[in-house]
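# Observations on chain architecture
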Amino acid sequence: ELGWISKVYVNPPAVVRHAEQIQKWRTVRGNWQAAWLLKAVTCIDLTTLSGDDTPSNVHRLCFKAKHPIREDLLKALDMHDKGITVAAVCVYPARVTDAVSALKAAGCNIPVASETKLAEIKLAVQYGAREIDIVISRSLVLCGQWEGLYEEIRQCRQACGEAHMKTILATGELGSLANVYKASMIAMMAGSDFIKTSTGKEVENATLPVGVVMMRAIKEFYWQTGNKVGFKPAGGIRTAKEAITWLMLVKEELGVEWLKPELFRLGASSLLEDIEKQIFHHVTGSYAHQHDLAMA
């Protein structure tokens, strides 16, 4: 739908003003804060993407995925029997089998996601990955080669088969908010189940203005097609307060129905630690020492 893409216009100052307003919203407190934080936990893609990952640290990550918050803290909140886990475990293709076997041994059905390229997609799916993260070629966006971008993503979608596909736009490298909107639209047209801001390793990762633009694209795509596409901000989200801000932005822009793991994820490796610390403080009234949250 190139005609659709050519009509895109984004007002950057208005987007930035809207994002600034969101950051000024009053933070929720008490039990409401705890509820938002537990919701955030269920939307986290717990990630390790290090070149020196080993089976042992992947197994440890999977244990934390199943038990993201200490059991006694959940009991104090009467949430111990609600099945609270993270949304997915994300690893490189070489560690997919380790993650799948660890989660199977733990008796849980948390999906394994893998960040990969076209040649590796089918192999990752064969290994047991149920979610595939792909990264677009930024040069196609910068040169306005929208048909080429569509074809690249479509081929990846075809290779994914039954696995869900998250398309990483690397928004900090696309040059403008208009390009972010257009790339979001092309990714959804080509069959992406999720659109994701970044890998987490770029200089600029998830920002609220970019989030606003991507969510507006998701909303327009839903209005035009009836298809709901998920959203995932990734990189730089490290605190519980930031997680709540993103949840509130999703609620404001897309509605409550998007506040579930099927349509919203938080890409983070260190966020869960801060959330558990905040839950600990809410339950006990004191701040956690390092030994209190040994698995964080």
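This is a predicted model, so every value here is computed, not measured. (Residues numbered from 1 in each chain as written. Predicted model: local features only at pLDDT ≥ 70, side-chain atom pairs only at ≥ 80, totals over all residues. Heavy atoms only, no water.)

## What to know about the UniProt feature "active site" (unreviewed entry) in the chain
In the numbering used here, UniProt assigns the "active site" (unreviewed entry) feature to K196 and K232. These annotated residues cover 37 residues of sequence, and their C-alpha atoms all fall within 4.5 Å of one another, placing them together at a single site. The residue K196 is located in strand β6 (residues 194-196) in this model. Residue K196 is classed as buried on the basis of its relative accessible area of 3%. Setting aside chain neighbours within four positions, we find K196 in contact with E115, D133, T167, I168, L169, M214, K232 and A234. Positionally, K232 belongs in strand β7 (residues 230-232). Classification of K232 as buried rests on a relative accessible area of 1%. Aside from chain neighbours lying at most four places away, what touches K232 is D45, D133, K166, F194, I195, K196, T197, R265, L266 and G267. (UniProt positions renumbered as here; feature names shortened; annotations may be inferred. Helix = DSSP H or I, 4+ residues; strand = E, 2+ residues; numbered from the N terminus. Buried < 20%, exposed > 50% of the residue type's maximum accessible area, 1.4 Å probe, protein only. Contact = heavy atoms within 4.5 Å.)

## Considering the environment of A19
Position of A19 relative to the elements: it lies in helix α2 (residues 12-23). Residue class for A19 comes out buried when judged on its relative accessible area of 2%. With 89 residues separating them in the primary sequence, A19 and C108 have C-alpha atoms 37 Å apart. With near-sequence residues (within four places) excluded, A19 lies in contact with L208 and P209.

## Things to note about the pattern of salt bridges
Pairing is possible between side chains that carry opposite charge, provided their charged atoms lie close to one another. One pass over the structure, following the stated rule, counts 19 salt bridges. Note that K232 is salt-bridged to D133, the shortest N-O span being 3.9 Å. Residue K232 is found in strand β7, and its partner D133 is found in strand β4 (residues 131-135); the two are separated by 99 residues along the sequence. Through salt bridges that share partners, D45, E131, D133, K166, K196, K232 and R265 make up one connected network. (Salt bridge = Lys/Arg side-chain N within 4 Å of Asp/Glu carboxyl O.)

## Structural notes on helix α9 (residues 146-160)
End to end, α9 covers 21 Å across 15 residues, agreeing with the expected 21 Å (1.5 Å per residue, within 8%). All of the buried residues along α9 are W146, L149, I153, C156, R157, A159 and C160. Projected down its long axis, α9 carries its buried residues within an arc of 165°, all on one side. Structural note: α9 exposes E147 and Q158 on the side pointing more than 90 degrees away from its buried face. Buried residues belonging to α9 abut α1 (2-6), α7 (118-127), β4, α8 (138-142), β5 (164-168) and α10 (177-189). Positioned one or two residues after α9, G161 has a phi angle of 60°, which is positive. (Expected span 1.5 Å × (residues − 1). Arc of directions from axis to C-beta.)

## Topic: the sheet that holds β4
The parallel open sheet is built from eight strands, whose spatial order is β7-β6-β5-β4-β3-β2-β1-β8. With one partner strand each, in any of the chains shown, β7 and β8 (266-268) form the two edges of the open sheet. Taken over all neighbouring pairs, the strand axes of this sheet differ in orientation by 25° on average, direction set aside. In the sheet, strand β3 (residues 112-115) pairs with β4 via three bridges, with the strands oriented parallel. Directly across from E115, in β4, lies its bridge partner D133. In the packing of helix α6 (residues 96-105) onto the sheet, the strands contacted are β2 (88-91) and β3, and the crossing angle to β3 comes to about 170°. Contacting β4 and β5, α9 runs over the sheet at an angle of about 150° to β5. (Pairing = 2+ DSSP bridges. Axes fitted to C-alpha atoms, helices over the stretch in contact; angles between N-to-C directions.)

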